[in-house]
Amino acid sequence: MQTRTLGTQGLETSAIGYGAMGISMAYGDGDTSGEAAISAAFASGVTLFDTAELYGWGENEQALGRAVAPFRDEVLIATKFGFTRDYGFDSRPEHIREVVHNSLRFLGTDHIDVLYQHRVDPTVPIEDVAGTVKGLIDAGDVRYFGLSEAGQDNIRRAHTVHPVSVLQTEYSLFERDVEQLFPLLAELGIGLVPYSPLGRGFLTGTAKPAGQYDDGDMRNTDPRWQPGNFEKNLAATRQLQQLAITMGATVGQLALAWLLAQGEHIVPIPGSRNPLRVAENAAATTLELTNPQLERIAQILPNGGYGARYTSENMPTWQ
Ligand SMILES: NC(=O)c1ccc[n+]([C@@H]2O[C@H](COP(=O)([O-])OP(=O)(O)OC[C@H]3O[C@@H](n4cnc5c(N)ncnc54)[C@H](OP(=O)(O)O)[C@@H]3O)[C@@H](O)[C@H]2O)c1
């Protein structure tokens, strides 16, 4: 697996990571241990594993910690703080320290490789958040600082207190808004970890209409799955699939290769509970898109998918 460097503080990872959220939440019940999928990711060369306090309040971190225990020293664990149990925000310094110490215990490790603020907390100055993370880095509990869904001003202000190595936000063939932050990321030397890089699975050609997923699967209410948008997104995915076939690839691999082609500072973190799919996703690093292929993709989806990325009540606002 090729490696990439995120930020300028020395964070080097496989070019594709693994997102563990889906083993505990968002996409209905399934294999909530995730062990086989996580082992498959490591066997495929993946070294960056993403979790969060929010993903089950310790459940996801425990599952990830157990699964990576046999090869802990060869991988990087990223986790996140900043939500409350009723989906409010809490980035008060004492809360950050408490969450981090819980995360270390849940993960069964003595350090977190990348610590993200999951969402900006408008009641806590970002300088206080960055200063708290700096303290955790100085103490050896954390190695690198990340922000998720943060806007230009907060990224810049946080970076002056402690260098931000990586920004995590949604980015895929369906979701392009973060491209407006690319000049800032380049200026400050910050890496980008695209989440939901497969458009929550739509870009793998397996999407079903809203209402046909299990209870508790967010895609039943996701705007991109609603009538009107669904058919357009499906038609675009089918065209991408035809292009992928000419390359001997799957449409999911094409979607990941497209992200990798947008810049050397990018490391997507697709999630899957299925070991075979995990291996398929990791293999996308071997796919190099030519200019004509990139142009064809731009014709099919010039501005992203149809429909917003979240329902209005769940939409993160960059601050
Ligand atoms: N910072 C944030 O606020 C934030 C928000 C959302 C997500 N994230 C992170 O980003 C990670 C990835 O995002 P995500 O899980 O939302 O979306 P995603 O990776 O775009 O898509 C995941 C979905 O795609 C399916 N899938 C994956 N590979 C496939 C393949 N090769 N063929 C067919 N289906 C495939 C999975 O189903 P199966 O499991 O059935 O294969 C799952 O339903 C998360 O795990 C989490 O770590 C962060």
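Residues numbered from 1 in each chain as written. Predicted model: local features only at pLDDT ≥ 70, side-chain atom pairs only at ≥ 80, totals over all residues. Heavy atoms only, no water.

### Quick notes on the overall build of the protein
Reasoning step 1: Secondary structure assignment for the protein yields ten helices and nine strands.
Reasoning step 2: Expected size for 319 residues packed as a compact globule is a radius of gyration near 20 Å; at 18 Å, the protein falls within 12% of this value.
Reasoning step 3: Expressed along its principal axes, the backbone C-alpha trace of the protein runs to roughly 50 × 40 × 40 Å.
Reasoning step 4: Expressed as a percentage of its 319 residues, the buried residues of the protein come to 56%.
Reasoning step 5: Roughly 12900 Å² of accessible area belongs to the protein as shown, and the carbon and sulfur atoms make up 49% of that amount. (Helix = DSSP H or I, 4+ residues; strand = E, 2+ residues; numbered from the N terminus. Rg over C-alpha atoms; globule rule 2.2 N^0.38 Å. Buried < 20%, exposed > 50% of the residue type's maximum accessible area, 1.4 Å probe, protein only. Areas by Shrake-Rupley, 256 points an atom, 1.4 Å probe, with all protein chains shown as cover.)

### Focus: the packing of aromatic side chains
Reasoning step 1: On inspection of all chains with the given rule, the structure shows ten aromatic pairs.
Reasoning step 2: Ring geometry for Phe174 versus Phe202: centroids 5.4 Å apart, planes at 70°, classification edge-to-face. In this pair, Phe174 is assigned in the loop between strand S8 (166-170) and helix H6 (182-188) and Phe202 in the loop between strand S9 (191-195) and helix H7 (229-246), connecting sequence segments 28 residues apart. For the pair shown, Phe174 and Phe202 are each scored as buried.
Reasoning step 3: Between the aromatic rings of Phe202 and Trp225, the centroid separation amounts to 4.9 Å while the plane-to-plane angle is 55°, which identifies the pairing as tilted. Residue Phe202 is located in the loop between S9 and H7, and its partner Trp225 is located in the loop between S9 and H7; the two are separated by 23 residues in the primary sequence. Each member of the pair, Phe202 together with Trp225, is buried.
Reasoning step 4: An aromatic cluster is defined as three or more aromatic residues linked by ring pairs; in this entry it consists of Phe174, Phe202, Tyr213, Trp225 and Phe230.
Reasoning step 5: A cation over a ring is seen here: Arg105 above Phe106, with NZ or CZ 5.1 Å from the ring centre. (Phe/Tyr/Trp six-rings, centres within 6.5 Å; stacked < 30°, edge-to-face > 60°. Lys NZ or Arg CZ within 6 Å of the ring centre and 35° of its normal.)

### Quick word on empty space enclosed by the protein
Reasoning step 1: A complete count under the given rule lists one cavity of 30 Å³ or more for this structure.
Reasoning step 2: There is about 50 Å³ of room inside the largest cavity.
Reasoning step 3: Ile16, Gly17, Tyr18, Ala41, Val46, Pro270, Gly271, Ser272, Val278, Asn281 and Ala282 are the residues that line the largest cavity.
Reasoning step 4: Of all the elements, helix H9 (residues 275-282) adds the most residues to the lining of the largest cavity, at three residues.
Reasoning step 5: Of the residues that constitute the lining of the largest cavity, the class distribution is seven nonpolar, four polar and no charged. (1 Å grid on protein atoms, 1.4 Å probe; cavity = no way out; pocket = protein on both sides within 12 Å on 5 of 7 lines; lining within 4 Å. Points joined across faces, edges and corners; volume = space filled by probe spheres on them. Nonpolar A, V, L, I, M, F, W, Y, C, P; charged D, E, K, R; others polar.)

### Focus on the pairing of S8
Reasoning step 1: Counting buried residues along S8, five of its five residues qualify, which places the element largely inside the surrounding structure.
Reasoning step 2: Sheet topology note: the strand S7 (residues 142-148)/S8 ladder contains three bridges and is parallel. If you follow Ser148 over to S8, its bridge partner there is Gln168.
Reasoning step 3: For the crossover that starts at S7, traverses helix H5 (residues 152-161) and ends in the parallel S8, the hand is right-handed.
Reasoning step 4: Relative to S9, S8 runs parallel, the two sharing five bridges. By the bridge assignment for S9, Val166 is matched with Gly191.
Reasoning step 5: The parallel pair S8 and S9, bridged by H6, forms a crossover whose chirality is right-handed. (Pairing = 2+ DSSP bridges. Right-handed = clockwise from strand over helix to strand, strands pointing away.)

### Description of the sheet that holds strand S4 (residues 48-50)
Reasoning step 1: Spatial ordering of the open sheet is given by S3-S4-S5-S6-S7-S8-S9, a layout of seven strands whose pairing is parallel. Each edge of the open sheet is held by one strand with a lone partner, namely strand S3 (18-19) and S9.
Reasoning step 2: Packing of helix H4 (residues 126-138) onto the sheet brings it into contact with strand S5 (76-81), strand S6 (112-117) and S7, and relative to S7 it is tilted by some 155°. (Contact = heavy atoms within 4.5 Å. Axes fitted to C-alpha atoms, helices over the stretch in contact; angles between N-to-C directions.)

### So, the site of the ligand
Reasoning step 1: Surveying the vicinity of the ligand reveals 30 residues, the closest of which are Tyr27, Asp50, Leu198, Ser272 and Arg273.
Reasoning step 2: A distance of 3.0 Å is found between an oxygen atom of the ligand and a backbone nitrogen or oxygen belonging to Met21.
Reasoning step 3: Backbone polar atom of Gly271 to an oxygen atom of the ligand: 2.9 Å apart, as the coordinates give it.
Reasoning step 4: With the chains in place, 92% of the 900 Å² that the ligand exposes on its own is no longer accessible.
Reasoning step 5: Taken together, the residues of the shell around the ligand sort by class into ten nonpolar, twelve polar and eight charged. (Near = heavy atom within 4 Å. Polar contact = N/O pair within 3.5 Å; in protein donor to acceptor, adjacent residues only side chain to side chain.)

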